[in-house]
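The primary structure of each chain is shown beneath.
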Amino acid sequence: MLNEKMYRLGSARSEIRELFEYGRARKAEIGEENVHDFSLGNPSVPCPDEVSDAMAKLIKEVDPVSLHGYTSAQGDVKVREAIANDIAKRYGVKVCKDDLYLTVGAAAALTCALTALVCPGEEVILLAPFFPEYKVFVERTGAAVSIVMCDEESFEPNAENLRKAINEKTAAVIINSPNNPTGAVYSEECIRAVAKVLEECSNEIGHPIYLIADEPYRELVYDGISVPFIPSYYTNTVVCYSYSKSLSIPGERIGYCLVNPEANDSQRIYAAICGAGRALGFVCAPSLLQKVIPHCLGITSDISVYDENRQLLLTKLTDYGYKAVEPKGAFYLFIKSPIPDAKLFSEIAKKHELLLVPSDSFGYPGYLRISYCVKTEQIERALPAFREAINDALRGDKQ
Ligand code: PLP
């Protein structure tokens, strides 16, 4: 008998993918230049030369049998050593190769961490708005999702609202900064407040509440803002990291889980993550990509285009009457829908060939996400459509 849950997941596309596929079909009909597609978070700048150079060098110089062979399940020892040393140096913390488990991107890091830390019948708290796949990943473990809304002015989590949502079934909280879809970067003060609540509540309920820090956008920040390193604030943390966005290689699938060595029972958590990777059939992260990483530590794609896009969009859209909180990181702008129904506004925008994702699937209705990881010319071409869409919507609202 078919697993109906999986059938439903596989036959219904996510709202983001749905819009992207619509855009693809529309581009084939009316031409690429005439569709203003802001649906997907696919990096638009090429990977740094160091990535391609390392790949070429490895292919040319390393014995192909070892280069393309299986590595240890948790990842090549030398690669893990190099990444651990880099993390230790950057954040002034003591981590070692045995705290790192290499994965096929952040998605796999999240599914491994959740499978390791969460049991059926428990609850995982998501801070809305959130990356929609979290819900899929959590529900697969047999746990339930509990949603806590972030503050509207800052899109930062509100520690007291978090406290109210915690109960004895709470196993973990997923935190994502820099954030998809808002571009918010949580301040040190905010992280401290969240950590305090989690510590107090863990003591009250008598078991640790894990913090899963999903950080694929860690290096994508603007105006020199710094991103607090979560394990330095809360011990029971597992970081889920990915090189997809920082090195513009999302299709290559490489990232890691980092278990804070200071966490209670950190070695047992690490073993459970290895077990989860095994149960999920990941075997090992792609070998070639693993070996590329030590050559690219501390390197990020040129994100100046994202910054230019961010400023252009924010200035122009504010002029047209849109409301948005300035994003400090990632490559998303989260605009308030000019009319209460964001899905309806997304439909109005579509009439102007403008593809914006309504925020309902992010757990925070009334907004739209703009992925500005596109060529700046695409934004310039789309500006009239942005202006016409808001004018249309407001005209319709008055009628
Ligand atoms: N987490 C967030 C917040 C994301 O935006 C994404 C991808 O867009 C992922 C996780 C998955 O990243 P990866 O491609 O590394 O699996």
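This is a predicted model, so every value here is computed, not measured.

A few words on the sheet that holds strand 13 (residues 367-371). The strands making up a sheet are joined through hydrogen bonds of the backbone, oriented either antiparallel or parallel. One open sheet accounts for 4 strands, arranged 9-10-13-12; its pairing is antiparallel. In the strand order of this sheet, the two ends are held by strand 9 (323-324) and strand 12 (357-358), each with one partner. Both strand 9 and strand 10 (residues 332-336) contribute to a ladder of 2 bridges, which runs antiparallel. Across the sheet, the residue bridging to Ala324 is Ile335, located in strand 10. Here helix 12 (residues 304-320) sits on the sheet in contact with strand 9, strand 10 and strand 13, set at roughly 10° to strand 10.

The next subject is the site of the ligand. For the ligand, the set of nearby residues contains 14 residues, the closest of which are Asn180, Asp214, Tyr217, Ser242 and Arg253. In this structure, Ala107 approaches the ligand through a main-chain N or O atom, which is 2.9 Å from an oxygen atom. In this structure, Asn180 approaches the ligand through a side-chain N or O atom, which is 2.8 Å from an oxygen atom. For the ligand, whose unbound accessible area comes to 390 Å², protein coverage reaches 91%. Its residues placed into classes, the shell around the ligand shows 6 nonpolar, 5 polar and 3 charged.

Once the domains are mapped, the protein shows domain 1 (4-47 + 301-398) and domain 2 (49-295). Put simply, the middle of domain 1 and the middle of domain 2, counted by C-alpha atoms, are 27 Å apart. In this assembly, 34 residues from domain 1 lie in contact with 38 residues from domain 2. Summed over both partners, the interface of domain 1 with domain 2 buries about 2,800 Å², with 61% contributed by carbon and sulfur atoms. Three residues, Cys47, Lys328 and Tyr364, lead the burial of domain 1 against domain 2; their summed loss comes to 23% of the area buried on that side. Summed over the shared surface of domain 1 and domain 2, the result is 2 salt bridges. A salt bridge links Asp223 to Arg310, with the nearest nitrogen and oxygen atoms 3.3 Å apart. Elements supplying a minimum of two residues to the side of domain 1 that touches domain 2: helix 1 (4-11), helix 12, strand 10 and strand 13. Looking at which element gives the most residues to the side of domain 1 that touches domain 2, the answer is strand 10, with 4 residues.

Most of strand 13 sits out of view: 5 of its 5 residues are buried. Judged by which residues are buried, strand 13 turns out to be covered on both faces: Tyr367, Arg369 and Ser371 on one side and Leu368 and Ile370 on the other are all buried. In this sheet, strand 13 lies alongside strand 10 in antiparallel orientation, the contact comprising 5 bridges. Each residue of the ladder has a partner; that of Phe334, found in strand 13, is Arg369. Here 2 bridges tie strand 12 to strand 13, and the two strands are oriented antiparallel to one another. The residue of strand 13 that forms the bridge with Pro358 is Leu368.

The rules behind these values
Residues numbered from 1 in each chain as written. Predicted model: local features only at pLDDT ≥ 70, side-chain atom pairs only at ≥ 80, totals over all residues. Heavy atoms only, no water. Pairing = 2+ DSSP bridges. Helix = DSSP H or I, 4+ residues; strand = E, 2+ residues; numbered from the N terminus. Contact = heavy atoms within 4.5 Å. Axes fitted to C-alpha atoms, helices over the stretch in contact; angles between N-to-C directions. Near = heavy atom within 4 Å. Polar contact = N/O pair within 3.5 Å; in protein donor to acceptor, adjacent residues only side chain to side chain. Areas by Shrake-Rupley, 256 points an atom, 1.4 Å probe, with all protein chains shown as cover. Nonpolar A, V, L, I, M, F, W, Y, C, P; charged D, E, K, R; others polar. Domains from an automatic or database assignment. Buried area = accessible area lost by both parts, 1.4 Å probe. Salt bridge = Lys/Arg side-chain N within 4 Å of Asp/Glu carboxyl O. Buried < 20%, exposed > 50% of the residue type's maximum accessible area, 1.4 Å probe, protein only.

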